[in-house]
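# Observations on the model geometry
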Amino acid sequence: MADEHTSGDARNGFNGSLLDLEIYTTNESTKEEPENQTLWPRTLARKWILVLFMGTCLLYCARMAMPICAVSMAATFHWSKIDSGLVLGGFFWGYCFTQILGGHASDKVGGERVLFISAASWALITAGTPLLAQLSSHTLALMTMARFLMGLLQGVFFPSLASLCSQRVVDGERGFLMSAMHSGSHLGTLLAGGMGSVMLDRYGWESVFYGIGFLSALWALVVWKYLLKGEVTSKQMEKRNDTKWNLSRWLSLFKKSPVWAMVFAHMCMCSTSYTLLSWLPTYFKESFPHATGWVYNVIPWLAAIPSALVGGYVSDFLINHGYSIASVRKIMQFIAMGVSSIFIMLLSGGAFTSFISAVVYVSAAVGASTFTSSGVSVNVQDLTPSCAGALYGFMNMLGALMGVVLVSLSGYLIEVTLSWATVFSLISLVNATGLVIFLIFGDAQRVDLENYSQVIVI
């Protein structure tokens, strides 16, 4: 049945304006969750879902601009493969640095404001990349710095989204929101690869950066003018008796088994996803050299979009019809890590696997993996809504770092064993380990209520 910490009437019945608020204080015990009166009205929530979906799409378009243009830019500026690797790798180093900071800032001032500032900044850098390239003869250093800054600014996005979801959305609607946002990332990848390639061939690599930068700036302008109403600073929504999340308080969170189980499962999920993204094109090219490239580069990500939306809808449906939140999170994660691993292992058939069946297996695995948006990815909002952004940033940072390790290890295994089955088995093993830990120790009961008092805005 539904978890006791879900406050039904108070959370689902809020239809007032967020702008007409008076402040009063309530003191809650450590065993009870305070009422959240900062939720979006339903009409406003629908607007934000659409806007955030478009924002996630543009985020990935901007992220993919450099990889799409890398070959043309390398020819123009006479880069070697090592030079291109430095430029492309700069993004991921920057991406790791701001995960926690972005989430913490979102917890304090509101995720929507951090998202706006981030988008406006990355739009400027994207549109200005061609100008930077012509600024001096040190093009390699400037482009590497531009990618590093892009990573810094985009690193705050998903932690801010987690913080925003925990502050503004009720438990029974979080799964669909997070799934919709992650499906936007798949759409952005497809649009960047499709439209970006056309623009690159017809108008040159500069047009890709100008176009994506302009659209990202337009998105930020719409958010600022119509949703934030021109305000970037927020009113104080919440305060706690212990306002400083010091090291000892963070360590106390990680002593709770549901928290570290969630973090570990997220690390495993991220690392296996990065590995698939990195090596699947090579797998298809080596295993099926005469196959049409766009088929395996497009179909799995097309399948991921409706799959993510279905996963979000199913999770919210189950929660709203009485299933416990913890059970739903575990069901979604079982599909994301368990079912997807089954299809990944089917790829190990080698010569017995046809091209069509390989595309089907990969599409099914990628589609099933999107269910994590309604599992571990949203579980942080169940456990620690008061610091969901910062904790999600910590999870995402560890996931990215572990992803770099697993991608490199997979390359080593391919080189040594000359067998893709070894890599697919490694991915399945990592997934299975993370899944078992989460199924045993995972939960959805709040663990951040110690010494909590709230200033409620109504």
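Look a little higher up for the structure.
Quantities reported herein were computed from a predicted structural model and do not represent experimental measurements. (Residues numbered from 1 in each chain as written. Predicted model: local features only at pLDDT ≥ 70, side-chain atom pairs only at ≥ 80, totals over all residues. Heavy atoms only, no water.)

### Observations concerning the overall build of the chain
When helices and strands are counted, the chain shows 17 helices and two strands. Split into buried and exposed, the 458 residues of the chain put 54% on the buried side. In the chain, the share of contacts with a sequence separation of at least 24, taken over all contacts with a separation of at least 6, comes to 86%. (Helix = DSSP H or I, 4+ residues; strand = E, 2+ residues; numbered from the N terminus. Buried < 20%, exposed > 50% of the residue type's maximum accessible area, 1.4 Å probe, protein only. Contact = heavy atoms within 4.5 Å.)

### Thoughts on the side chain of R147
Checked against the element boundaries, R147 lands in helix α6 (residues 139–154). There is no salt bridge for the buried R147, and the closest opposite charge comes from D83, which lies 15 Å off by N-O distance. In this structure, R147 is in contact with A62, R63, M66, P67, V87, G90 and F91, ignoring residues within four places of it in sequence. (Lys, Arg positive; Asp, Glu negative; His and termini not counted. Salt bridge = Lys/Arg side-chain N within 4 Å of Asp/Glu carboxyl O.)

### Remarks on the environment of T139
Within the secondary structure layout, T139 lies in helix α6. Residue T139 is classed as buried on the basis of its relative accessible area of 8%. Sequence spacing of T139 and F77 is 62 residues, and the spatial spacing of their C-alpha atoms is 7.5 Å. Among the polar contacts made by the side chain of T139, one reaches the main-chain carbonyl oxygen of A133 at a distance of 3.4 Å. (Polar contact = N/O pair within 3.5 Å; in protein donor to acceptor, adjacent residues only side chain to side chain.)

### Some details on the packing of aromatic side chains
Applying the stated criterion across every chain yields a total of 22 aromatic pairs. Where F284 meets F288, the ring centres are 6.1 Å apart and the plane angle is 40°; that geometry is what we call tilted. For F284, a relative accessible area of 1% corresponds to the buried category. On the basis of an interplanar angle of 5° and a centroid distance of 4.7 Å, the ring pair of F284 and Y296 is categorised as stacked. Residue F284 is found in helix α11 (residues 257–287), and its partner Y296 is found in helix α12 (residues 293–320); the two are separated by twelve residues along the sequence. Owing to a relative accessible area of 12%, Y296 belongs among the buried residues under this scheme. Members of the aromatic cluster, each reached through a chain of ring pairs, are W279, Y283, F284, F288, Y296, F355, W420 and F424. The aromatic ring of Y60 is capped on one face by R63, whose charged end is 4.4 Å from the ring centroid. (Phe/Tyr/Trp six-rings, centres within 6.5 Å; stacked < 30°, edge-to-face > 60°. Lys NZ or Arg CZ within 6 Å of the ring centre and 35° of its normal.)

### Observations concerning helix α5 (residues 111–133)
In a regular helix each residue adds 1.5 Å, so 23 residues correspond to 33 Å; α5 covers 32 Å between its end C-alpha atoms and thus fits that length. Remark: the principal bend of α5, roughly 40°, maps to A127, with a proline, P130, within the next four residues. (Expected span 1.5 Å × (residues − 1). Bend = angle between axes of the 7 residues up to and from the residue.)

### Considerations on the packing of helix α8 (residues 171–203) against α12
Running from N to C, α8 and α12 cross one another at 175°; their axes reach a closest spacing of 7 Å. With respect to their mutual orientation, α8 and α12 come out roughly antiparallel. For the contact of α8 with α12, the class distribution of residues is 13 nonpolar, nine polar and four charged. (Axes fitted to C-alpha atoms, helices over the stretch in contact; angles between N-to-C directions. Parallel < 35°, antiparallel > 145°, perpendicular 65-115°, else oblique. Nonpolar A, V, L, I, M, F, W, Y, C, P; charged D, E, K, R; others polar.)

### What about the side chain of S163?
Its location among the elements puts S163 in helix α7 (residues 157–168). Side-chain polar atoms of S163 contact the side chain of D107, separated by 2.7 Å. Leave out the neighbours within four places in its chain, and S163 touches G103, S106, D107, A388 and G389.

### Re unusual backbone geometry
One non-glycine residue with positive phi stands out, namely H78, at about 60°. When you line up the elements, H78 lands in the loop between α2 (42–77) and α3 (81–97). Of note, the phi angle at L418 is positive, near 60°, even though the residue is not glycine. Considering the arrangement of structural elements, one finds L418 in the loop between α16 (388–417) and α17 (420–441).

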